[in-house]
Amino acid sequence: MGLELYLDLISQPCRAVYIFAKKNNIPFEFKHVELFKGQHYREEFGKVNILKKVPALKDGVFTLAESTAILLYLSRQYNTPDHWYPSDTQKRARVDEYLSWHHTNIRSNAGKTLWIKVLIPLFTGQTLPPEKLQEVMDELAISLKQFEEKFLQDKPFIVGSEISLADLMAIVELMQLCLSVQPIGAGCDIFEDRPKLSEWRNQVEEAVGKELFQEAHKLILNIKELSNIQIDPQLKEHLAPVLRKMMT
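Small disclaimer: the values here were computed from a predicted structure and weren't measured.

### Things to note about the overall build of the protein chain
In terms of helices and strands, the protein chain carries 12 helices and 4 strands. Expressed as a percentage of its 248 residues, the buried residues of the protein chain come to 50%.

Encoded structure:
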């Protein structure tokens, strides 16, 4: 039994795992878990990941959850090029530093922006007050400023001259905010007025390969596909308490 990756490319961490595996020619079976159909809550998937989240990995009888853990496992198990997770202690520490910061900053603030600008209208048909959106956009702007000043500085990539897992985790999160589908899209191009961030994005896309990069992001950048997504009623019911809390 070979490597199985349980993914939905609408998910940012899933795209990071997908891009990494594809870029490094890691053979795997793509197991599509459709989030908007609530397939991650089904009993069958629960046997792979009791947390009921994607991405998830199954390698023989071994299973693993959490995107960072999966990326590190793949990098070690398949001996991927050193630049992804450098053997140099200080360079590796820089990757670890960013990954530690990522979840409570870029991922958290980008995620809140996505929910308020895209997902809540998509799930409920309602929009939130402008001041609520402005609040999360201000928090996102702070994180982006810190990302540029602390992590990018004047380097092409976070660690230096080569792409790493840190860049991969960051780019998939920020690309989610490029959704520009009206009326449900994020409607904000975070790269437009940030030349340093824009140049970094281009460098990452070039390092990954433009074809693979576009393939991984095809769904979120395709207006018709995103607009036609059918959301499982039980998923809406399951998320209702979370959505109500976010809307207050």
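### Considering the packing of helix α4 (residues 89–102) against helix α7 (residues 165–175)
Geometry of a packed helix pair, given as the angle between the helix axes and the separation of the axes. Closest axis-to-axis distance for the α4/α7 pair is 8 Å, and the angle between their directions is 25°. Our classification of the angle between α4 and α7 gives roughly parallel. Facing V95, Y98, L99 and H102 of α4, the residues of α7 in contact are L165, A166, M169, A170 and E173. Within the contact of α4 with α7, the residues separate by chemical class into 7 nonpolar, 1 polar and 1 charged.

### Looking at the side chain of R201
If you trace the backbone, R201 turns up in helix α8 (residues 195–208). Discounting chain neighbours no more than four positions away, the residues touching R201 are I171, M175, F191, F213 and Q214.

### Examining the pattern of salt bridges
Counted by the stated rule, this structure contains 9 salt bridges. Among the ionic pairs, E173 bridges to R107, the shortest N-O distance being 2.8 Å. In this pair, E173 is assigned in helix α7 and R107 in helix α5 (residues 106–124), connecting sequence segments 66 residues apart. Take E173: its relative accessible area is 2%, and that puts it in the buried class. The class of R107 is partly exposed, set by a relative accessible area of 28%.

### Points about the confidence of the model for the protein chain
In low-pLDDT regions, the fine details of the predicted coordinates are not to be read closely. On average, the protein chain scores 88 in pLDDT, and the residues at 70 or more come to 86%. Here residues 180–187 is modelled with pLDDT under 50, and outside its nearest four sequence neighbours on either side it reaches 17 contacts, counting other chains as well.

### Description of the nonpolar core
Formed by 71 residues in total, the largest nonpolar core has its most connected members in L74, Y98, F147, I171, L197 and W200. The dominant element in this core, judged by the number of residues it contributes, is α7, at 9 residues. Leave out the neighbours within four places in its chain, and F147 touches Y98, W101, I106, L152, I158, A170, L197 and W200.

### Thoughts on the sheet that holds strand β4 (residues 62–65)
An order of β2-β1-β3-β4 is seen for the 4 strands of this open sheet, with the pairing classed as mixed. At either end of the open sheet lies a strand with only one pairing partner, and these are β2 (29–32) and β4. Recorded for the sheet is a direction-independent mean angle of 20° between the axes of neighbouring strands. Sheet topology places strand β1 (residues 3–7) next to strand β3 (residues 56–59); 4 bridges connect them, and they run antiparallel. In the strand pairing of β3, Y6 is matched with A56. Packed onto the sheet, helix α1 (residues 12–23) meets β1 and β2 and runs at close to 145° relative to β1. Across the sheet, helix α3 (residues 67–77) lies against β1, β3 and β4, angled at about 135° from β4, the strand it touches most.

The rules behind these values
Residues numbered from 1 in each chain as written. Predicted model: local features only at pLDDT ≥ 70, side-chain atom pairs only at ≥ 80, totals over all residues. Heavy atoms only, no water. Helix = DSSP H or I, 4+ residues; strand = E, 2+ residues; numbered from the N terminus. Buried < 20%, exposed > 50% of the residue type's maximum accessible area, 1.4 Å probe, protein only. Axes fitted to C-alpha atoms, helices over the stretch in contact; angles between N-to-C directions. Parallel < 35°, antiparallel > 145°, perpendicular 65-115°, else oblique. Contact = heavy atoms within 4.5 Å. Nonpolar A, V, L, I, M, F, W, Y, C, P; charged D, E, K, R; others polar. Salt bridge = Lys/Arg side-chain N within 4 Å of Asp/Glu carboxyl O. pLDDT = per-residue confidence, 0-100. Core = buried A, V, L, I, M, F, W, Y, C linked by side-chain atoms within 4.5 Å. Pairing = 2+ DSSP bridges.

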